[in-house]
Amino acid sequence: MTAITLVGARVVDPASGTDAVANVTIEAGLVTAVGTEVGAQRLDADGLVLSPGLVDLHVHLREPGHENAETIATGTAAAAAGGYTAICPMANTDPVCDHAGVVEQVLRLARDAGLCDVLPVGAITKGLKGDELAEIGAMAAVGVRCFSDDGRPVGSARVMHRALAYARTWDAILANHAEEASLTEGAQCNEGDISTLLGLEGWPSEAEDIMVARDLLLAHGMGARLHVPHVSTRGGVELIRAAKARGTRVTAEATPHHFTLTEEAVTGYDPVFKVNPPLRTKDDVEAVRAGLADGTLDAIATDHAPHPPEQKEQEWAQAPPGMLGLETALAVTLTELVDGGVLTLSQAIAALSTNPARSRDITGHGGPVAPGAPANLMLFDPAARWKVDPHALHSRSRNTPYGGREVSGRIVHTLLRGVFTVRDGELV
Ligand SMILES: [Zn+2]
């Protein structure tokens, strides 16, 4: 394999603290030089930003079982198109990923697609039913690092306690969907003036805060690792900030929709804005942004949740919750948080790549962009403006809440171990 050099990009690599124009040379899947060297082939990257490929801790790929919404092939295509080189699909497939057989099936399908590394999340409980523990040990033995019943909370503190104790044996991470279900029965949107106005059952922010608090206390007492998914409330951010200050082993993520959209979007009853946890208030959005800025929230994760039109485009009450995210996360983050002055570019890349990789022990991703490291990279044009077109996405579904919105920052190349998965903006 001949060496190829990406010439003249601005290298933004939070893992090494680099932010400088440099040539990056790649050979046999590895970065071999960062500096002035030039290999046998050169590719002009002037004006582009080169960073470690993005890492998503929270996606739903729907396969096996719901291939009409997404497959591992289409989901990893969407990931590559969005600049991702590693993604972690949740366990709520059919069959549920609660034993090693499903883990191995997902890994095999992802390898066949070859577009993005896929690190399956295993279920905490069998069938996501919340009572009997899943085969955590057998799944850990085939490489699973994180367990979650995402979509459903582990309601019983006793079961969560046992699961944390079990996961601790492998130093694995539990990510519990934070929802106290007795407070959210029939809930359709955030509880407040808007739910009252619309006549919809409300999902109070306290239902999230209570579960976050419970899990933080359990994890702290046991010295176990907890990850809080899709933090959407001011209370959740404040609880996690306090827990980190007292040494709890916790990491947390925010989704692009929870730091850009508010419950106001729900007033048109367009089900594309229906999501769980729901879109919250402006005050919650500000708290989530502040949490990303001060590192309370480590990662930006998409909670990419495809649904086919025949399911999603129903009346509000019938439509399933969930939004696409993989192909818009970078641009939405750049537009809203970097251009908006909330994060520096390096902080944004850290939240989208370096921090999620480290928080889940994912090696070879998230940088550093340095000689000897796998060439898992993405390059984007920060100046490119584009309009989100739901029909132009690579996902099998089209339920993006950003349709028609103009954003900044377009993926030009994505490389997985030195192989282009996206080149010149086109999927390879
Ligand atoms: Zn969830």
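Structural data are supplied above this passage.
From a predicted model like this one, the values you see are computed outputs, not experimental measurements.

1. Structural notes on the nonpolar core
Counting 77 residues, the largest nonpolar core has Tyr84, Ile87, Phe147, Ile240, Leu297 and Phe380 as the members making the most contacts within it. The element that contributes the greatest number of residues to this core is helix α6 (residues 205–222), accounting for 6 residues. With near-sequence residues (within four places) excluded, isoleucine 87 lies in contact with Asp56, Val59, Leu61, Thr76, Ala79, Cys116, Asp117, Val118, Leu119 and Leu326. Judged by nonpolar contacts, the second largest core, of 19 residues, contains Ala45, Leu48, Ala375 and Leu379.

2. Structural notes on the coordination of the zinc ion
Protein-derived ligands of the zinc ion are Asp150 (OD), His177 (ND1) and His230 (NE2), with the metal-ligand distances lying across 2.0 to 2.3 Å. Sequence spacing among the residues donating to the zinc ion works out to D-x26-H-x52-H. You can see aspartate 150 sitting in the loop between β9 (146–147) and α4 (157–169) and its partner histidine 230 sitting in the loop between β13 (225–228) and α7 (234–245), a full 80 residues away along the chain. The pair formed by aspartate 150 and histidine 230 is uniform in burial state, with each residue classed as buried.

3. What to know about the sheet that holds strand β7 (residues 84–89)
Ordered in space as β6-β7-β8, the 3 strands form an open sheet in which the pairing is parallel. Every other strand in the sheet has two partners, leaving β6 (54–59) and β8 (117–118) as the edge strands with one partner each.

4. With respect to the packing of aromatic side chains
Counted according to the given criterion, the structure contains 1 aromatic pair. The interplanar angle of 70° and the centroid separation of 5.3 Å between the aromatic rings of tyrosine 166 and tryptophan 170 together place this pair among those described as edge-to-face. Classification of tyrosine 166 by relative accessible area gives partly exposed; the value is 37%. Over the aromatic face of phenylalanine 420 sits the side chain of arginine 423, whose NZ or CZ is 4.2 Å from the ring centroid.

5. Considering helix α1 (residues 72–81)
Counting buried residues in α1 gives 9 out of 10 residues, a clear majority hidden from the surface. What α1 keeps buried is the set Ile72, Thr74, Gly75, Thr76, Ala77, Ala78, Ala79, Ala80 and Ala81. Taking the backbone nitrogen of alanine 73 as reference, a side-chain oxygen 3.3 Å away marks threonine 71 as the first, capping residue of α1. One or two positions beyond α1, positive phi appears at glycine 83, with a value near 95°.

6. Comments concerning the pairing of strand β3 (residues 30–35)
Two strands pair when backbone bridges link them, and strand β2 (residues 18–27) and β3 are joined in this way by 5 bridges, in the antiparallel orientation. Its bridge partner being in β3, valine 24 is matched across the sheet by valine 34. Taking the residues that link successive antiparallel strands as the turn, the β2-β3 hairpin has 2 residues, and the phi of alanine 28 there is positive, at about 50°.

7. Comments concerning the layout of surface pockets
For the largest pocket, the calculated volume is near 390 Å³. Forming the walls of the largest pocket are 22 residues, and the residues nearest its centre are Ala81, Glu327, Trp386, His394 and Arg410. By residue class, the composition of the lining of the largest pocket is 12 nonpolar, 5 polar and 5 charged. Considering only enclosed or pocket space, the second largest pocket measures out at about 320 Å³ in volume. Taken together, 19 residues form the lining of the second largest pocket, with Arg62, Asn92, Ala305, His307 and Pro321 sitting closest to its centre. Across the lining of the second largest pocket, the residue classes break down as 6 nonpolar, 10 polar and 3 charged.

8. What to know about the sheet that holds strand β14 (residues 250–254)
Pairing is parallel in the open sheet, where 5 strands are placed in the order β9-β10-β13-β14-β15. Two strands bound the open sheet, and with one partner strand each, they are β9 and β15 (299–300). With 2 bridges joining them, β14 and β15 adopt parallel strand pairing. Paired with glutamate 253 across the bridge in β15 is alanine 299.

9. Side note on empty space enclosed by the protein
By the definition in use, this model includes 2 cavities of 30 Å³ or more. The computed volume of the largest cavity comes to approximately 60 Å³. In terms of lining residues, the largest cavity is bounded by Leu61, Arg62, Glu63, Pro89, Met90, Thr93, Cys97, Val106 and Pro120. Taken together, the residues of the lining of the largest cavity sort by class into 6 nonpolar, 1 polar and 2 charged.

10. Notes on the environment of threonine 335
Relative to the elements of secondary structure, threonine 335 occurs in helix α11 (residues 329–338). In the structure, threonine 335 is positioned 92 residues away from leucine 427 in sequence and 23 Å away in space, judged by C-alpha atoms. Residues in contact with threonine 335, not counting those within four places in the same chain, are Gly340, Arg385, Val407 and Ser408. Polar contacts involving the side chain of threonine 335 include one to the main-chain carbonyl oxygen of alanine 331, which spans 2.6 Å.

11. Digging into the pattern of salt bridges
The tally for this structure, following the rule as stated, stands at 18 salt bridges. A salt bridge links glutamate 132 to lysine 126, with the shortest nitrogen-to-oxygen separation between them at 3.1 Å. With a relative accessible area of 34%, lysine 126 lands in the partly exposed category. Between glutamate 336 and arginine 289 there is a salt bridge, with the nearest N and O atoms lying 2.9 Å from each other. Of the two residues, glutamate 336 sits in helix α11 while arginine 289 sits in helix α9 (residues 282–293), which places them 47 residues apart along the sequence. When its relative accessible area of 21% is taken as the criterion, glutamate 336 is described as partly exposed. Linked by salt bridges that have partners in common, Arg145, Asp171, Arg225, Arg249 and Asp361 make up one network.

12. Focus: the side chain of asparagine 276
Here asparagine 276 is to be found in the loop between α8 (256–260) and α9. Polar side-chain contacts of asparagine 276 include one of 3.2 Å to the side chain of glutamate 179. Polar side-chain contacts of asparagine 276 include one of 2.9 Å to the side chain of tryptophan 203. Apart from the residues within four sequence positions on either side, asparagine 276 is in contact with His177, Glu179, Trp203, His230, Asp303 and Pro321.

The rules behind these values
- Along each chain, numbering runs from 1 in the same order as the chain's sequence is written.
- Confidence filtering applies because this is a predicted model: local features only for residues at pLDDT of at least 70, side-chain atom pairs given and counted only at 80 or more, and all residues used for totals across whole chains, interfaces and linings.
- Side-chain descriptors were evaluated using all non-hydrogen atoms of the structure, hydrogens and water having been removed beforehand.
- Nonpolar core, defined: a set of buried Ala, Val, Leu, Ile, Met, Phe, Trp, Tyr and Cys residues in which side-chain atoms within 4.5 Å join the residues together.
- Accessible area is worked out with a 1.4 Å probe on protein chains only. A residue is then buried under 20% of its type maximum, exposed over 50%, and partly exposed in between.
- The helix count covers DSSP runs of H or I at least four residues long, the strand count covers runs of E at least two residues long, and both are numbered beginning at the N terminus.
- Should any heavy atoms of two residues lie within 4.5 Å, those residues are considered in contact.
- The donor set covers N, O and S atoms within 2.8 Å of the metal, switching to 3.2 Å for Na, K and Ca, and it leaves out water, so a site may look short of donors.
- Being paired, for any two strands, means DSSP has found at least two bridges between them.
- Think of it this way: a Phe, Tyr or Trp ring, Trp meaning its six-membered ring, pairs with another when their centres are within 6.5 Å, and the plane angle makes it stacked under 30 degrees, edge-to-face over 60, tilted otherwise.
- The criterion for a charge sitting over a ring is simple: Lys NZ or Arg CZ within 6 Å of the ring centre, and within 35 degrees of the ring normal.
- Between N or O atoms, a polar contact is any pair within 3.5 Å; within protein, one atom must be a potential hydrogen donor and the other a potential acceptor, and residues adjacent in sequence are included only when both atoms are from side chains.
- Only protein atoms enter the 1 Å grid used here, on which a cavity is any set of points holding a 1.4 Å probe that cannot leave and a pocket is any open set flanked by protein within 12 Å on both sides along at least five of seven lines; residues with an atom within 4 Å of a point are listed as lining.
- Grid points are joined across faces, edges and corners, and a volume is the space filled by probe spheres set on the points.
- Here the nonpolar group is Ala, Val, Leu, Ile, Met, Phe, Trp, Tyr, Cys and Pro; Asp, Glu, Lys and Arg are the charged ones; every other residue, Gly included, is treated as polar.
- Any carboxyl oxygen of Asp or Glu within 4 Å of a side-chain nitrogen of Lys or Arg constitutes a salt bridge here.

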